[in-house]
Amino acid sequence: MKFARVLFHVDMDAFFAAIEQRDRPEWRGKPVIVGAPPNRRGVVATASYEARRFGIKSAMPSVTAGRLCPHGIFVQPRGGVYGEESRRIMAILADYTPLVEQVSVDEAYLDVSACVREPDPLIAIPASRRLALELKQRIFRERGLTASIGVASNKFLSKVGSDFQKPDGLTLIPEQEKRAFLRPLPVRAIPGVGPVSAARLLEFSFQTIGDIQDSTPERLRAAVGSYAEALHALSCGNDDRELSFETERKSISSEHTFDVDTRDPQLIRATLLELVADVAETLQRKNLTASTLQVKVRYSDFTTLTRQTTLPDPVCGAAEIYRAIRHLLKKEKLLVGRIRLLGVGSSNLNAPSGQLRFFLENQPVK
Ligand SMILES: [Mg+2]
């Protein structure tokens, strides 16, 4: 007997904000905004659901967030804590199946086909529902956090499912219902379609996923060019991407030993820029993003310090990496004394969205 392919997309709810609310009970039920303070340049990393009611979103400038919600509790991100929490959650997922593709700090796909053995095609999915509920309960019991899970036969549908009823959601999309399920959803429900792409689609009267299902290939091509075919397939709930379980390399780094130990700020800056450019170039060539960045500094007495930071959004651009590295060096006061070696590294690598990285959007898919 052939069993259906069953994938879970597990996505933690308002991850960073939920961790802060768990650790500070007096913040529960309140608008918590993790990110830069409202009087400084910088953006919101994650907002609690209470804060979202004020219209606050990830990547919004903190100044705007402060205006929308003057009584919001603004919290500096605690990257190390989030990274550790991420590892613990991924470890729970790995208890159920080794087939886990981690997509970001708080998101993963699981292939649970062998655990649930549902009939093919995926019709009623009772065993999958039981397993998903068990997994959600376990995460809540052991980590005090809620997750949303989407269950379906492919990556795209399971991701749409986990987004469908957040927070603490569970959405199952049986194979024979997938087209009807997708029909009424706005085009923005397609991962990778951001505001820019949605506006473009709207110009061509594509408002819902159903509009895309019904489109002729020509019309869709007029709107989105070479993405038409992929977009049409998704709109019908078809997606044959495999899970990828291992990025070829676990980290990408670059370092430089100075000919003569130095404390020259200009030389240090130029060297950092080169190292960052090197790392960014490798990431982009491999179509990877990094969620964690490291710096390494070796001093003339061979003392070596490394520090790392986990970012709210994965990065691959030189400018973003440079900013984060500078910030880390400054915060940890690493640039003191004579320096022998500098290194820049990136880890927690993911291949985001792949083909789903959409045409006009230049932002990571969350
Ligand atoms: Mg999440």
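Cut-offs applied
- Think of each chain on its own: its residues are numbered from 1, step by step along the sequence as written.
- The model is predicted, so local features are restricted to residues of pLDDT at least 70 and side-chain atom pairs to those at 80 or more, both for listing and for counting; the totals for chains, interfaces and linings are taken over all residues.
- Heavy atoms throughout the structure, all of them, feed into the side-chain values; hydrogens and water do not.
- Domain borders in the structure are assigned automatically or taken from a domain database.
- By definition, any uninterrupted DSSP run of H or I lasting at least four residues is a helix, any uninterrupted run of E lasting at least two residues is a strand, and each is numbered from the N terminus.
- Any helix carries an expected span of 1.5 Å times its number of residues minus one.
- A 1.4 Å probe rolled over the protein chains alone gives each residue an accessible area, and that area as a share of the maximum for its type sets the label: buried under 20%, exposed over 50%, partly exposed in between.
- The criterion is simple. A nonpolar core is a set of buried Ala, Val, Leu, Ile, Met, Phe, Trp, Tyr and Cys residues joined through side-chain atoms within 4.5 Å.
- Contacts are assigned to residue pairs with any non-hydrogen atoms lying within 4.5 Å of each other.
- Polar contact is the term for a pair of N or O atoms within 3.5 Å; when the atoms are in protein, one must be able to donate a hydrogen and the other to accept it, and sequence-neighboring residues count only if both atoms are side-chain atoms.
- A pair of strands is considered paired only if DSSP assigns at least 2 bridges between the two.
- Lines fitted to C-alpha atoms define the axes, with helix axes restricted to the stretch in contact, and inter-axis angles between N-to-C directions lie between 0 and 180 degrees.

**Some points on the domain arrangement of the chain**
Interface size is commonly expressed as the accessible surface area that is lost when the partners come together. Considered domain by domain, the chain is made up of domain 1 (15-78), domain 2 (183-245) and domain 3 (251-352). Put simply, the middle of domain 1 and the middle of domain 2, counted by C-alpha atoms, are 31 Å apart.

**Observations concerning helix α4 (residues 79-94)**
Compared with the 22 Å implied by 1.5 Å per residue over 16 residues, the 22 Å span of α4 between its first and last C-alpha is a close match. If you check which residues of α4 are buried, you get Gly79, Tyr82, Gly83, Glu85, Ser86, Ile89, Met90, Ile92 and Leu93.

**Here we look at the nonpolar core**
Residues Phe8, Val10, Leu93, Leu110 and Leu135 are the most contacted members of the largest nonpolar core, which totals 42 residues. Excluding anything up to four places from it in sequence, Phe8 contacts Ala108, Tyr109, Leu110, Val112, Ser128, Leu131, Ala132, Leu135, Ile149, Gly150, Val151 and Ser158. Within the second largest apolar cluster, 28 residues are counted, among which are Phe258, Ala280, Leu329 and Leu334.

**Describing the side chain of Ser62**
The topology assignment puts Ser62 in helix α3 (residues 62-68). Judged by relative accessible area, which is 0%, Ser62 ranks as buried. A distance of 2.7 Å separates a polar side-chain atom of Ser62 from the backbone oxygen of Ala36. Ser62 has contacts with Ala36, Pro37, Pro38, Arg40, Gly42, Val43, Val44 and Phe74, leaving out every residue within four places of it along the chain.

**What to know about the environment of Glu255**
By the secondary structure assignment, Glu255 is in strand β9 (residues 251-262). Residues in contact with Glu255, not counting those within four places in the same chain, are Leu275, Lys296, Leu341, Leu342 and Gly343.

**Digging into the sheet that holds strand β11 (residues 304-315)**
Strand pairs in the sheet, formed through backbone hydrogen bonds, run parallel or antiparallel to each other. The strand order across the open sheet formed by four strands is β9-β12-β10-β11, and the pairing between neighbours is antiparallel. Whereas interior strands pair on both sides, the edge strands pair on one side only; in this sheet they are β9 and β11. Between one strand and the next, the sheet's axes are offset by a mean angle of 15°, whatever the strand orientation. Two strands pair when backbone bridges link them, and β9 and strand β12 (residues 339-350) are joined in this way by eight bridges, in the antiparallel orientation. Paired with Glu255 across the strands is Gly343, a residue of β12. Along the sheet, helix α13 (residues 265-285) contacts β9, β10 (289-299), β11 and β12; its crossing angle with β9, the most-contacted strand, is approximately 160°.

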